[in-house]
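Structural description and commentary
If you want the building blocks of each chain, they are given just below.
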Amino acid sequence: MTFLLSGIQSFSKLWKCSPCFGLSPGHSCCFFLSDYCGIRNQQRWFSLKSMSPQSTKAGNASIAKARYLRKGDEGSNKQVSSDSPHLFAAGAAKKRSQMNPQSNDQVLSPLKNISIQLPTKPLNSKEWDKLKEDFKGKANFENWISSQMAHCHSPIDVAKSLLAWVAAKNNGIVGYNLLVRYLYLCVFHKQTSEVIDVYEIMRARYKRLESGGYSLLIRGLMHSDRWREALMLLEDIKKVMTPSIKNYNDCIQGALLHQDVNTAWNLYQELLGHDLIPMLETLKAFFDFGKDIKDDHYSSKLLDILLYLRNNQLYPGESFAHSIKTWFESGQCSCCGKTMESIHLSPEEYEFLKRKIIRDVIDGGDQYKKTTPQELKRFENFVKSCPPFDIVIDGLNVAKMFPKARESQVLLDVVSQLAKQNLQLLILGRKHMLTQRFRWRKDEMEKVQKQASCFFADDISEDDPFLLYATLNSGNHCKFITKDLMRDHKACLPDIKTQRLFFKWQQGHQLAIINRFPGSKITFQHILTYDTVVQTTGDSWHIPYDEDLVERYSYEVPTKWLCLHRKT
Ligand SMILES: [Zn+2]
């Protein structure tokens, strides 16, 4: 009995989350299992996606169980109970419910009564007539088939051929239900121009719509140039009822999409005013939009959202949490929301640093220790003959990053991944890398050379001066990859001001590889966008400080900040 109840509950919840509003709940759910299904996360177990009914039947229930057993506890229920987590730990309830697999079957039962195959391409009237004859169900055929098509996300042209057939039989009239289901498909397939056509038809024929029709139109119109009309539809809904959180979500997302921040915040206020709990998706949208906005007023509103989460005991999902993190790292104080000073050098600072480095580090008195004048000349000419680079890579340093993997393979992985993003790459290497050996395979090095410009220095040369020269020479956008922290070069610089500029430039331009598993996709450490330095705006101060128990090296920066505001 309990299981039946929980089945029903999750069912109605799913329906509310599904995009199939406007249709009857019983017909709107498909289940599928995402790749790494979660014991951890209920949301992940059941996602809504387009899928043909044939493949969602009983088969998935057994897959679901199999996956769970494989991923989780290897079929041992004992294990589940023996190390059962804290009562309030995330996922604990889910884990408990997993112990009885019956609950899985419960939610996978609604898709049984399909007696005929849905068409996969447009049919002519004769074919529709024939299909109707074949239909043995008791329900009205047009009604039944249109709801099945909506449910299975049939292609637009197939649905359109159904409407044409129905219209031809009824003096050009298509019933409201059919129209709404067609609208649903247009919205689902993001066919905006088709949405607008249906909108015009509905506007001409009906004075008012029911909420399902309004909701679909709002969702469909928000992505178009006529998004403001969706706001008017929202007003129409308000005349008879409180709009749903989904309506608000769609309108807010549309307003943000069209850069109308004020409208978005006003709608959000209105939503809260109705005592509705906004969708996390809505809140996430504000954060996603916020990362490109440098505005203290906007920031303080985002901080209000965080307080709202706190006060209502709401928890962001993983991708929402990621959005919050991205916004913070985009350079706002997590305490007051003020934008911090940028890590980017001004054009004057950049030119100043470039000149100093080329003179003091590269051409400096001890250049013979690092390279020969001939080689330096050869390199300068090479750089001049290339377009500006986006990323300069210390080839040897990167190749040795994963000691267990073959050097040339690691280098090729990094280069291939970056080349896919259409970046101009420069690989700095040594001549010995071109001699075929076990760790430096010729075929792999040839592939590297096809995807990037390469410069191979004498084996005795030091790479860093070349790296600095090529990067600085390419311009302020150019980044570099090496594990080396280049403290020696900082020390070569003549004064504190230049050293500080160098360190600032380094923080903003050095990419570090953090992925440690060769073969998988390479990930880079996030570059901070703000400068870690004591800063003030007059009435506020931001002061980075060291924590007592954290030992910080000179090439690291504090992560804690003191945020001070003068009382006015
Ligand atoms: Zn602050």
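Everything below is about the structure shown above.
Described in the following lines is the structure provided in the data block. Predicted, not measured: the structure shown is a model, and the values here were computed from it.

What counts, and at which threshold
- Residues numbered from 1 in each chain as written.
- Predicted model: local features only at pLDDT ≥ 70, side-chain atom pairs only at ≥ 80, totals over all residues.
- Heavy atoms only, no water.
- Helix = DSSP H or I, 4+ residues; strand = E, 2+ residues; numbered from the N terminus.
- Contact = heavy atoms within 4.5 Å.
- Donors = N, O, S within 2.8 Å, 3.2 Å for Na, K, Ca; no water.
- Tetrahedral: all angles 85-135°; square planar, octahedral: opposite > 155°, others 65-115°.
- Buried < 20%, exposed > 50% of the residue type's maximum accessible area, 1.4 Å probe, protein only.
- Disulfide = S-S within 2.5 Å.
- 1 Å grid on protein atoms, 1.4 Å probe; cavity = no way out; pocket = protein on both sides within 12 Å on 5 of 7 lines; lining within 4 Å.
- Points joined across faces, edges and corners; volume = space filled by probe spheres on them.
- Nonpolar A, V, L, I, M, F, W, Y, C, P; charged D, E, K, R; others polar.
- Pairing = 2+ DSSP bridges.
- Phe/Tyr/Trp six-rings, centres within 6.5 Å; stacked < 30°, edge-to-face > 60°.
- Core = buried A, V, L, I, M, F, W, Y, C linked by side-chain atoms within 4.5 Å.
- Expected span 1.5 Å × (residues − 1).
- Polar contact = N/O pair within 3.5 Å; in protein donor to acceptor, adjacent residues only side chain to side chain.
- Salt bridge = Lys/Arg side-chain N within 4 Å of Asp/Glu carboxyl O.

This part covers the overall build of the protein. Each helix and strand counted, the protein has 27 helices and eight strands in total. Sequence separation of at least 24 residues holds for 67% of the intrachain contacts in the protein that already meet a minimum separation of 6.

Protein-derived ligands of the zinc ion are Cys333 (SG), Cys336 (SG), His542 (NE2) and Cys563 (SG), with the metal-ligand distances lying across 2.1 to 2.3 Å. In this structure, the zinc ion is surrounded by four donor atoms whose angles at the metal cover 101 to 118°, and the resulting shape is tetrahedral. Considered as a linear motif, the donors of the zinc ion on their single chain read C-x2-C-x205-H-x20-C. With cysteine 336 in the loop between helix H18 (318-329) and helix H19 (347-362) and histidine 542 in strand S7 (residues 540-545), this residue pair connects regions lying 206 residues apart in the sequence. In this structure, cysteine 336 and histidine 542 share a single accessibility class: buried.

For the coordinates displayed, the defined rule picks out zero disulfides. Of all cysteine sulfurs, the one in cysteine 386 lies closest to cysteine 454, which takes part in no disulfide; the gap is 9.9 Å. Of the residues examined, cysteine 454 reaches a relative accessible area of 16% and is grouped as buried.

What follows covers the layout of surface pockets. Considered as a void within the structure, the second largest pocket measures approximately 1100 Å³ in volume. If you go around the second largest pocket, you meet 32 residues; those closest to its centre are Gln507, Gln525, His526, Leu528 and Val557. Taken together, the elements giving at least two residues each to the lining of the second largest pocket come down to H18, helix H27 (496-509) and strand S5 (510-511). Here the element with the most residues in the lining of the second largest pocket is H27; it accounts for three residues. Looking at side-chain class alone, the lining of the second largest pocket contains 17 nonpolar, eleven polar and four charged residues.

Spatially, three strands are ordered S6-S7-S8 in an open sheet, and the strand pairing comes out antiparallel. The open sheet has two edge strands, strand S6 (535-536) and strand S8 (560-565), and neither has a second partner. Direction of pairing for S7 relative to S8: antiparallel, over a ladder of six bridges. Bridge pairing links isoleucine 543 to leucine 562 in S8.

Further remarks concern the packing of aromatic side chains. All told, the structure shown has 23 aromatic pairs when counted by the stated rule. When the ring of phenylalanine 379 is compared with that of phenylalanine 382, the centres are 6.5 Å apart and the planes differ by 25°; the resulting orientation is stacked. In this pair, phenylalanine 379 and phenylalanine 382 are both assigned in helix H21 (residues 373-385), three residues apart and thus about one turn of the helix distant. Classification of phenylalanine 382 as buried rests on a relative accessible area of 18%. A ring pair is formed by phenylalanine 502 and tryptophan 505, whose centres lie 6.0 Å apart and whose planes are at 40°; its orientation type is tilted. With phenylalanine 502 and tryptophan 505 both in helix H27 and three residues apart, this pair spans about one turn of that helix. A residue is classified by how much of its surface remains accessible, and phenylalanine 502, at 1% relative accessible area, is buried. A relative accessible area of 1% places tryptophan 505 in the buried class.

This brings us to the nonpolar core. Grouped together as the largest cluster of nonpolar side chains are 75 residues, with contacts concentrated most on Trp128, Ile145, Met202, Phe286 and Tyr298. Looking at this core element by element, the count peaks at ten residues for helix H10 (residues 176-188). Not counting chain neighbours up to four residues away, the residues in contact with phenylalanine 286 comprise Ile252, Leu256, Ala264, Trp265, Tyr268, Tyr298, Leu302 and Ile305. Formed by 31 residues, the second largest nonpolar core is a distinct cluster that contains Leu376, Leu428, Ala457 and Ala470.

The first and last C-alpha atoms of H10 sit 18 Å apart over 13 residues, in line with the 18 Å expected at 1.5 Å per residue. The buried fraction of H10 is high, at eleven of 13 residues. Residues of H10 that are buried: Tyr176, Leu178, Leu179, Val180, Arg181, Tyr182, Leu183, Tyr184, Leu185, Cys186 and Val187. Against helix H8 (141-151), helix H9 (156-169), helix H11 (192-205) and helix H12 (211-221) lie the buried residues of H10.

What follows concerns the side chain of lysine 338. Mapped onto the elements, lysine 338 comes out in the loop between H18 and H19. Classification of lysine 338 as buried rests on a relative accessible area of 19%. Within the local environment of lysine 338, its side chain forms a polar contact with the side chain of aspartate 296, the two groups lying 3.3 Å apart. What lysine 338 contacts, discounting residues up to four positions off in sequence, is Asp296, Gly331, Gln332, Cys333, Thr537, Ser540, His542 and His565.

On to the pattern of salt bridges, then. Inspection of every chain in the model, using the stated rule, returns 25 salt bridges. Residue lysine 356 pairs with aspartate 495 through a salt bridge whose shortest N-O separation is 3.9 Å. Here aspartate 495 lies in the loop between helix H26 (487-492) and H27 and lysine 356 lies in helix H19, a separation of 139 residues in the sequence. Exposure remark for aspartate 495: the relative accessible area of 26% places this residue in the partly exposed category. Overlapping salt bridges, with partners in common, bring together Glu200, Arg203, Arg226 and Glu229 in one network.

All right, on to empty space enclosed by the protein then. Inspection of the entire model under this criterion finds five cavities of 30 Å³ or more. For the second largest cavity, the calculated volume is near 50 Å³. Every residue along the wall of the second largest cavity is listed here: Ser146, Met149, Ala150, Ala159, Leu162, Leu163, Leu178, Arg181, Tyr182 and Leu185. Secondary-structure elements contributing two or more residues to the lining of the second largest cavity are H8, H9 and H10. Partitioned by chemical class, the residues of the lining of the second largest cavity number eight nonpolar, one polar and one charged.

Read these as layout, nothing more, since geometry by itself doesn't imply function.
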